[in-house]
Amino acid sequence: MPSFATITAALALTATVVAGPVERRKAFSVEQVHKKIFAKNGAAATVKTLRKYGKPVPENLLKAAEIGPNDQILTTLASSGSDPAIPGDAYDSLYLSPVTIGTTNPTTVNLDFDTGSGDLWVFSSLQASAQLSGHDYYKVDSSKKISGATWKISYGDGSGASGTVYADKVVVGGVTATTQAVEAATSVSSQFSSDTDTDGLLGLSFSTLNTVRPTPQKTFFDTVKSSLASPLFAANLKYHAAGTYDFGYIDSTKYTGAITYVKVDTSQGWWQFSFSGYSVGTGATVSSSINGIADTGTTLIYLPTAVVKAYYAKVSGATNSATYGGYVFSCSATLPDFNLVLNGVKQRVPGKYINYSPVQTGSSTCYGGIQSNEGIGISIFGDIFLKSKYVIFDGASTPRIGFADQ
Ligand SMILES: C[C@@H](SC(=N)N)c1ccc(Cl)cc1
Ligand SMILES: C[C@@H](SC(=N)N)c1ccc(Cl)cc1
């Protein structure tokens with residue numbers, strides 16, 4: 001008789017049910033349906049299985065399954081899914097993922113999944129048509145409007161947007177949030193109206209950063225978290241290539257070696273933690289506590305000035321340019337690797353990832369992927385760092401973040 005855990009795990013994961021102990025029936029799998037039915041707990045699932053094979057159901061199991069008076073057994077198949085993360089341009093300035101929004105008139109939009117903010121907002125039919133050209137957008141369903149709710153967000157780079165709020169269906173990589181706060185834009189800043197690839201953002205920070213007022217709303221992850229096979233998502237961003245965001249499971253084919261976990265400080269609403277040191281190329285490790293956030297919505301790495309100086313001291317010809325607002329160097333420069341130490345484990349950023357892009361199209365001067373965090377007040381471990389890793393954002397009761405090499 002497979003163990004309780006085995007049955008529950010099997011049901012939760014794939015709905016492949018291994019038959020009861022007596023007759024050796026062959027295992028079979030049923031197509032996993034997302035959330036068509038609702039389980040109270042594993043016991044209910046086990047009751048269902050035992051009944052399916054005409055087995056006696058122990059009294060304690062029935063109690064545990066809290067079977068209702070009409071003996072209705074409701075079982076949920078936990079959900080999980082994977083959505084592509086596609087570079088928005090040749091330099092991985094941002095990554096875009098398809099998301100389907102709406103019930104009556106569903107549309108697929110391309111959103112920037114952003115662990116640095118907590119709003120799911122999207123270009124919408126409420127905007128002037130001139131702002132919509134080149135964009136996919138959410139056709140608002142007025143029957144789903146959240147009365148009196150508004151939002152207004154501004155980002156570190158000075159961009160921003162604002163609008164009203166709807167409770168509608170959102171599907172990300174097969175994972176469905178039946179009722180998700182969808183923040184419909186009525187106005188967006190020039191950075192967004194001119195970037196016709198980005199139809200909005202899907203915030204994956206903690207929901208405390210959500211800007212909806214008077215009642216802050218949940219992020220997509222918080223909405224679906226309890227129905228996921230595991231309460232986590234993983235970012236598998238890649239260098240100049242499409243990666244994925246995985247929800248509800250860790251994909252062991254996407255990383256090598258061990259995952260290094262560290263607890264996160266959620267007090268500012270971010271996935272915030274500290275590295276204990278750094279090294280440049282094959283140089284010695286410098287002990288230095290570097291506190292910052294894992295931020296898929298920020299392109300570059302922003303670190304304390306002393307660390308940045310130590311890095312570019314090893315790049316011949318690098319200068320801190322007032323003209324371009326940061327460290328630049330010849331596009332043909334050889335860049336050393338950069339390592340950040342976490343729990344004694346070196347997290348490596350390949351040197352070539354630190355050549356972000358030419359300062360202007362066709363220029364032979366390139367802009368560094370590591371820059372100073374001066375003026376930000378915190379370090380930001382953005383895409384340049386994240387794209388060499390498989391990063392697990394674990395939303396368990398004690399949230400933590402994990403890093404493994406891709
Ligand atoms: C947290 C990110 S913005 C985001 N990921 N939504 C950030 C904050 C401040 C500065 Cl200066 C630059 C970037
Ligand atoms: C997440 C914010 S700001 C940031 N990346 N630090 C953002 C993303 C995309 C655009 Cl097009 C403009 C702003």
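Bear in mind the structure is a predicted one, so any value in this text is a computation, not a measurement.

**Considerations on the sheet that holds strand β18 (residues 326-330)**
Stage number 1. An order of β17-β18-β22-β21 is seen for the 4 strands of this open sheet, with the pairing classed as antiparallel. Each edge of the open sheet carries a strand with a single partner, namely β17 (319-321) and β21 (355-358). Put simply, the sheet's adjacent strands are angled 45° from each other on average, direction ignored.
Stage number 2. Pairing analysis gives 3 bridges linking β18 to strand β22 (residues 365-368), with the strands arranged antiparallel. Note on β22: the bridge partner recorded for Ser-330 is Thr-365.

**Details of the site of ligand 1**
Stage number 1. Taken together, the residues surrounding ligand 1 are Asp-114, Gly-116, Ser-117, Tyr-155, Gly-156, Trp-270, Ile-293, Asp-295, Gly-297, Thr-298, Ile-376 and Ile-380.
Stage number 2. In the model, a nitrogen atom of ligand 1 is placed 2.6 Å from a nitrogen or oxygen of the Asp-114 side chain.
Stage number 3. Contacts to ligand 1 include Asp-295, whose side-chain N or O atom sits 2.6 Å from a nitrogen atom.
Stage number 4. For ligand 1, whose free accessible area comes to 370 Å², the fraction covered by protein is 78%.
Stage number 5. Its residues assigned to classes, the shell around ligand 1 shows 5 nonpolar, 5 polar and 2 charged.

**Describing the site of ligand 2**
Stage number 1. By nearness alone, every residue bordering ligand 2 is listed as Asp-112, Asp-114, Tyr-155, Asp-157, Ser-159, Gln-191, Phe-192, Asp-195, Leu-201, Gly-297 and Thr-298.
Stage number 2. At a separation of 2.3 Å, a nitrogen atom of ligand 2 approaches a polar backbone atom of Gly-297.
Stage number 3. In this structure, Thr-298 approaches ligand 2 through a side-chain N or O atom, which is 3.1 Å from a nitrogen atom.
Stage number 4. Summarising the interface, the protein chains cover 85% of the accessible area of ligand 2, which totals 360 Å² for the free molecule.
Stage number 5. Of all elements in the fold, only β5 (107-114) and α5 (190-193) reach the threshold of two or more residues within the shell around ligand 2.

**Some points on the pattern of salt bridges**
Stage number 1. Enumeration according to the criterion identifies 8 salt bridges in this entry.
Stage number 2. Close ionic contact of Asp-92 with Lys-387 constitutes a salt bridge, the shortest N to O distance being 2.8 Å. Of this pair, Asp-92 sits in the loop between β3 (81-87) and β4 (95-101) while Lys-387 sits in the loop between α8 (383-386) and β25 (389-394), and the two are 295 residues apart along the sequence.
Stage number 3. A salt bridge links Lys-144 to Asp-141; its shortest N-O distance comes to 2.9 Å.
Stage number 4. For Lys-144, a relative accessible area of 24% corresponds to the partly exposed category.
Stage number 5. Taking relative accessible area as the criterion, Asp-141 reaches 11% and is therefore assigned buried.

**Looking at the packing of aromatic side chains**
Stage number 1. For the structure shown, the criterion picks out 30 aromatic pairs.
Stage number 2. With 5.9 Å between their ring centres and 75° between their planes, Tyr-138 and Tyr-166 make a pair best called edge-to-face. On the criterion of sequence distance, the pair formed by Tyr-138 in the loop between α4 (129-132) and β7 (145-154) and Tyr-166 in strand β8 (residues 160-172) is long-range, its members being 28 residues apart. Comparing Tyr-138 with Tyr-166, the two get one shared label, buried.
Stage number 3. Linked through ring pairs, Phe-113, Phe-206, Phe-220, Phe-221, Phe-233, Tyr-245, Phe-247, Trp-271 and Phe-393 together constitute an aromatic cluster.

**With respect to the confidence of the model for the chain**
Low pLDDT means the predicted atomic positions in that stretch should not be read closely.
Stage number 1. Per-chain confidence: the chain averages 89 in pLDDT, with 86% of residues scoring 70 or above.
Stage number 2. Here residues 1-40 scores under 50 on pLDDT; set against residues more than four positions off or in separate chains, the count is 65 contacts.
Stage number 3. Scored as a whole, the predicted complex attains pTM 0.83, and scored at its interfaces, ipTM 0.85.

**A short note on the environment of Thr-298**
Stage number 1. Looking at where Thr-298 falls in the secondary structure, it is placed in the loop between β15 (286-294) and β16 (301-303).
Stage number 2. Once the C-alpha coordinates of Thr-298 and Gly-382 are considered, the two residues, 84 residues apart in sequence, prove to be 4.9 Å apart.
Stage number 3. Aside from chain neighbours lying at most four places away, what touches Thr-298 is Ile-380, Gly-382 and Asp-383.
Stage number 4. At 2.6 Å, the side chain of Thr-298 and the side chain of Asp-295 are in polar contact.

**Topic: the state of the cysteines**
Stage number 1. Under the defined criterion, the tally for this structure stands at 1 disulfide.
Stage number 2. The disulfide that involves Cys-331 links it to Cys-366, with 2.1 Å between the sulfurs. Because the sign of the S-S torsion sets the handedness, a value of about 100° for the bond joining Cys-331 and Cys-366 places this disulfide among the right-handed ones. With Cys-331 in the loop between β18 and β19 (338-342) and Cys-366 in strand β22, this residue pair connects regions lying 35 residues apart in the sequence.
Stage number 3. On the accessibility criterion, Cys-331 (26% relative accessible area) is partly exposed.
Stage number 4. According to the relative accessible area criterion, Cys-366 is buried, its value standing at 3%.

**Observations regarding the pairing of β5**
Taken residue by residue, a regular strand's side chains alternate between the two faces of the sheet.
Stage number 1. The buried fraction of β5 is high, at 6 of 8 residues.
Stage number 2. Note: β4 against β5, 5 bridges, orientation antiparallel. Each residue of the ladder has a partner; that of Thr-100, found in β5, is Thr-108.
Stage number 3. Counted between consecutive antiparallel strands, the loop separating β4 from β5 contains 5 residues, among which Gly-102 sits at a positive phi close to 115°.
Stage number 4. Examined bridge by bridge, β5 and strand β10 (residues 200-203) share 3 bridges and lie parallel to one another. Within the sheet, the bridge partner assigned to Asp-112 lies in β10 and is Leu-201.

What counts as what
All residue numbers here refer to positions counted from 1 along the written sequence of the relevant chain. Chain labels run from A onward and ligand labels from 1 onward, assigned in the order the entries are written. Local features are withheld for residues below a pLDDT of 70 in this predicted model, meaning they are given only at 70 or higher, and side-chain atom pairs are given and counted only at 80 or more; totals for whole chains, interfaces and linings count all residues. Each side-chain value is derived from all of the structure's non-hydrogen atoms; neither hydrogens nor water enter the calculation. Two strands are counted as paired when DSSP detects at least two bridges linking them. By definition, any uninterrupted DSSP run of H or I lasting at least four residues is a helix, any uninterrupted run of E lasting at least two residues is a strand, and each is numbered from the N terminus. Under this scheme, a helix contributes an axis fitted over its contacting stretch, all axes are lines through C-alpha atoms, and angles between N-to-C directions fall in the 0 to 180 degree range. Note on definitions. A residue lies near a molecule or strand when any single heavy atom of the residue is within 4 Å of it. Within 3.5 Å is the distance limit for a polar contact, defined as a pair of N or O atoms, with the added protein rule that one can donate a hydrogen and the other accept it, and that residues adjacent in sequence qualify only through two side-chain atoms. Accessibility throughout is a Shrake-Rupley quantity obtained with a 1.4 Å probe, and a residue counts as covered only by protein chains that appear here. Note on residue categories: nonpolar means Ala, Val, Leu, Ile, Met, Phe, Trp, Tyr, Cys or Pro, charged means Asp, Glu, Lys or Arg, and polar means any other residue, Gly included. One side-chain nitrogen of Lys or Arg within 4 Å of one carboxyl oxygen of Asp or Glu is enough to make a salt bridge. A 1.4 Å probe rolled over the protein chains alone gives each residue an accessible area, and that area as a share of the maximum for its type sets the label: buried under 20%, exposed over 50%, partly exposed in between. Two aromatic rings, drawn from Phe, Tyr or Trp (for Trp, its six-membered ring), form a pair once their centres lie within 6.5 Å of each other, and the interplanar angle then sorts them: stacked below 30 degrees, edge-to-face above 60, tilted otherwise. The predictor reports its confidence for every residue as pLDDT, a score running from 0 up to 100. Contact definition: two residues touch when any of their heavy atoms are within 4.5 Å. Any cysteine sulfur atom paired with another within 2.5 Å is treated as part of a disulfide.

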